[in-house]
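# Breakdown of the fold
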Amino acid sequence: MEFTVKKATTQNLAVIQSLNRKLFLSDSRFDPELLIDWAYSKTGKNYLTRSLTQPRAGAWIAEANGKIIGYLIGWIWIKRAWRPIKTAELENMFVLPEYRSKGVGSALVKEFIRWCEKKKIKSVEVWTQYKNEIGKQFYQTNKFVPVSQKFERKLK
């Protein structure tokens, strides 16, 4: 399968919103409290628009036959006092299910990593749901290693 990866622009906002909704819908099996339509909220649209326009953010899309089949958004963090190295976070990524296991996600990650290297980033982080074994395997295949684990206690 042939596809291309390129920088996303504000022209891609509507498709990225749709893909983000699919991401949240998929991840809601791990976290039922996710706001499925968040990408269409004022906050979500603002975040996605800033992700497409801010110098500290990078966004890419994958296309096949003129159709956007996946996206990735990442941000550079300002140095943290407790860990003073330049860090970026792969904040969200989604590839349509019928295009998975074909190198699309890895190609998006590769472009993000390349961008981070040009910006002299020293560490790239990504979070995935604890029970998302496919996601954890994907990131490990792409040279990410587990570093920490978040615990949460739900209250009534």
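Scroll up a little and you will see the structure.
Since we're looking at a predicted model, the values are computed, not measured.

What follows deals with the pairing of strand β2 (residues 57-64). Within β2, eight of the eight residues are buried, leaving the element largely enclosed by the surrounding structure. The sheet contact formed by strand β1 (residues 4-7) and β2 spans four bridges and is antiparallel. Counterpart to Lys6 in the pairing with β2 is Ile61. Taken together, the eight bridges between β2 and strand β3 (residues 67-77) define a ladder with antiparallel strand orientation. Following the sheet pairing, Ala59 is matched in β3 by Ile73. Counting the residues that bridge the hairpin from β2 to β3 gives two residues, and of these Asn65 lies at a positive phi of roughly 50 degrees.

Okay, the side chain of Glu63 next. Tracing the sequence through the fold places Glu63 in strand β2. Within the structure, the side chain of Glu63 is placed 3.2 Å from the side chain of Lys6, a separation counted as a polar contact. When neighbours within four sequence positions are excluded, Glu63 is seen to be in contact with Phe3, Thr4, Lys6, Ile68 and Ile69.

Another aspect to go through is the nonpolar core. Judged by nonpolar contacts, the single largest core of 41 residues is most densely connected at Ile16, Tyr71, Leu72, Ile73, Leu108 and Phe112. Of all the elements in the fold, those that place two or more residues in this core are α1 (13-27), α2 (42-53), β2, β3, β4 (87-95) and α3 (104-118). At seven residues, the largest contribution of residues to this core is made by β3. With sequence-adjacent residues up to four places away left out, Ile16 is seen in contact with Ala8, Leu48, Leu52, Ile61, Tyr71 and Ile73.

Turning our attention to the environment of Ala14. Tracing the backbone shows Ala14 in helix α1. Placed 31 residues apart in sequence, Ala14 and Lys45 show a C-alpha to C-alpha distance of 9.3 Å.

Procedures and definitions
- Residues numbered from 1 in each chain as written.
- Predicted model: local features only at pLDDT ≥ 70, side-chain atom pairs only at ≥ 80, totals over all residues.
- Heavy atoms only, no water.
- Buried < 20%, exposed > 50% of the residue type's maximum accessible area, 1.4 Å probe, protein only.
- Helix = DSSP H or I, 4+ residues; strand = E, 2+ residues; numbered from the N terminus.
- Pairing = 2+ DSSP bridges.
- Polar contact = N/O pair within 3.5 Å; in protein donor to acceptor, adjacent residues only side chain to side chain.
- Contact = heavy atoms within 4.5 Å.
- Core = buried A, V, L, I, M, F, W, Y, C linked by side-chain atoms within 4.5 Å.

Don't take any of this as a statement about function, it's just geometry.
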